[in-house]
Amino acid sequence: MSTDRADLEAALASAATDRGESVAEISRRGPLLLLLVRHAGCTFCREALADLARARAGGGAAAGMPVVVVQMGTPEEGRSLLDRYGLQDAAVVSDPQRRLYAALDLGRGSLWQLFGPRVWWRGLLATLRGHLVGRLVGDGFQMPGAFIIEDGRVVRAFRHRDAADRPDLEGLCRLPAAAES
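About the criteria used
- Residues numbered from 1 in each chain as written.
- Predicted model: local features only at pLDDT ≥ 70, side-chain atom pairs only at ≥ 80, totals over all residues.
- Heavy atoms only, no water.
- Helix = DSSP H or I, 4+ residues; strand = E, 2+ residues; numbered from the N terminus.
- Buried < 20%, exposed > 50% of the residue type's maximum accessible area, 1.4 Å probe, protein only.
- Contact = heavy atoms within 4.5 Å.
- Areas by Shrake-Rupley, 256 points an atom, 1.4 Å probe, with all protein chains shown as cover.
- Pairing = 2+ DSSP bridges.
- Axes fitted to C-alpha atoms, helices over the stretch in contact; angles between N-to-C directions.

**Q** Hey, could you run me through the overall build of the protein chain in this one?
**A** Summing up its helical and strand segments, the protein chain has 9 helices and 5 strands in all. Each of the 181 residues in the protein chain was classed as buried or not, and the buried ones make up 51%. In the protein chain, 72% of the contacts between residues at least 6 apart in sequence involve partners at least 24 apart. Taken as a whole, the protein chain presents about 8,600 Å² of accessible surface, with 56% of it coming from carbon and sulfur.

Structure below.
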């Protein structure tokens, strides 16, 4: 998969956050974490948001980086979801047409990627940790991903192999020393 630069730039420029800025504008100020979730009711996406909240509270690289969460619900649904996880400082983008997902090469998952044995096992573990399944809003087959975006380009990427993948968000936010200066 290769991200087309023009498509990505257009998608980032047209992706307005709930704060009135485009993702492209935010990325021009420095690196940002762009987290694309499957849907608000996804057990693993809820787990990822809890992981993000912990990483930001931990004072590491994720704490100092702006965060934009992309979801397919309304802006109000997205804000409510982030607030539930204590992510009031994160911006949210409503992308029901999945333009950012497509521009970042996040396709629709296969049955194996969404319902395979590993997914069931990890789903059980996530549920036991309190990340229950909620209402489906958007395309339940959409695959998620996490990206570091800077100046309108992808600096680092994590594309899920299956719905149960769990990105190391703190590690993803840790940029090489040359990029930090």
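**Q** Even after reading the chapter, I still don't get the sheet that holds strand 5 (residues 153-159), so can you show me in this structure?
**A** Each strand in a sheet pairs with another by means of backbone hydrogen bonds, the pair being arranged parallel or else antiparallel. Within the open sheet, the 5 strands sit side by side as 3-2-1-4-5. Their pairing is mixed. Looking at which strands have only one partner, the edges of the open sheet turn out to be strand 3 (91-94) and strand 5. On average, each strand axis in the sheet is tilted by 20° relative to the strand beside it, whichever way the strands run. For strand 1 (residues 32-36) and strand 2 (residues 67-71), the ladder comprises 4 bridges, and the chain directions are parallel. The residue bridging Leu36 from the neighbouring strand is Val70, located in strand 2. In the packing of helix 3 (residues 43-57) onto the sheet, the strands contacted are strand 1 and strand 2, and the crossing angle to strand 2 comes to about 175°.

**Q** I tried to follow the side chain of Arg79 on my own but got confused; where do I start?
**A** For Arg79, the location among the structural elements is in helix 4 (residues 75-84). A relative accessible area of 17% means that Arg79 is categorised as buried. Other than its neighbours up to four places away in sequence, Arg79 contacts Asp18, Arg19, Leu87, Gln88, Ala90, Ala91 and Val92.

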